Amino acid sequence: SEPVYLTVNGRGDLVVMDIDAFEHRERMLKIREDLVSAEEDRRKGFKGYSIDETYEMMMETIEEYSANG
């Protein structure tokens, strides 16, 4: 499950990785992107969500994550 790094003349050229590892990486990047976006909104003065709204979004995310792996 570890990526394999291929080089040309000692410089990184290509990475080959297991599809499950790749999909996990993509999900983590999406979560990071969402967190960065939320932080930008917070800095712009967006008030955020209620506890109930946050709980619902968390449950949806957990269900989505569980369904995808």
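Higher on the page you've got the structure.
Residues numbered from 1 in each chain as written. Predicted model: local features only at pLDDT ≥ 70, side-chain atom pairs only at ≥ 80, totals over all residues. Heavy atoms only, no water.

### Describing the pairing of strand 1 (residues 4-8)
Using the following cut-off: Here, any two strands with at least 2 DSSP bridges between them count as paired. The way it works is that DSSP assigns letters per residue, a run of H or I at least four long becomes a helix, a run of E at least two long becomes a strand, and they are numbered from the N terminus.
As paired elements, strand 1 and strand 2 (residues 11-16) share five bridges and run antiparallel to each other. Each bridged residue has a counterpart across the sheet, and for Val4 the counterpart in strand 2 is Val16. As consecutive antiparallel partners, strand 1 and strand 2 are separated by two residues, and within that stretch Asn9 has a phi angle of approximately 55°, a positive value.

### Quick look at the pattern of salt bridges
So the rule is basically this: Here a salt bridge means any side-chain nitrogen of Lys or Arg lying within 4 Å of a carboxyl oxygen belonging to Asp or Glu. We call a residue buried when its accessible area falls under 20% of the maximum for its residue type, exposed when it is over 50%, and partly exposed in between, using a 1.4 Å probe and counting protein chains only.
Taken as a whole and judged by the stated rule, the model has four salt bridges. Of the charged contacts in the structure, one is a salt bridge between Glu26 and Arg25, with a shortest N-O distance of 3.5 Å. Given a relative accessible area of 35%, Glu26 falls into the partly exposed group. Residue Glu39 is joined to Arg43 by a salt bridge in which the shortest nitrogen-to-oxygen separation is 3.0 Å. Of this pair, Glu39 and Arg43 both sit in helix 1 (residues 19-43), separated by four residues, roughly a single helical turn. Taken together, the salt bridges that share partners define one network made up of Glu39, Arg42 and Arg43.

### Quick look at the environment of Gly12
For the record, the criterion: Whether two residues touch is decided by their heavy atoms; if any such pair falls within 4.5 Å, the residues are in contact.
In this fold, Gly12 is placed in strand 2. Taking relative accessible area as the criterion, Gly12 reaches 71% and is therefore assigned exposed. In this structure Gly12 touches Leu6 and Thr7, once residues within four positions along its chain are discounted.

No statement about biological role is implied by the geometric values presented.
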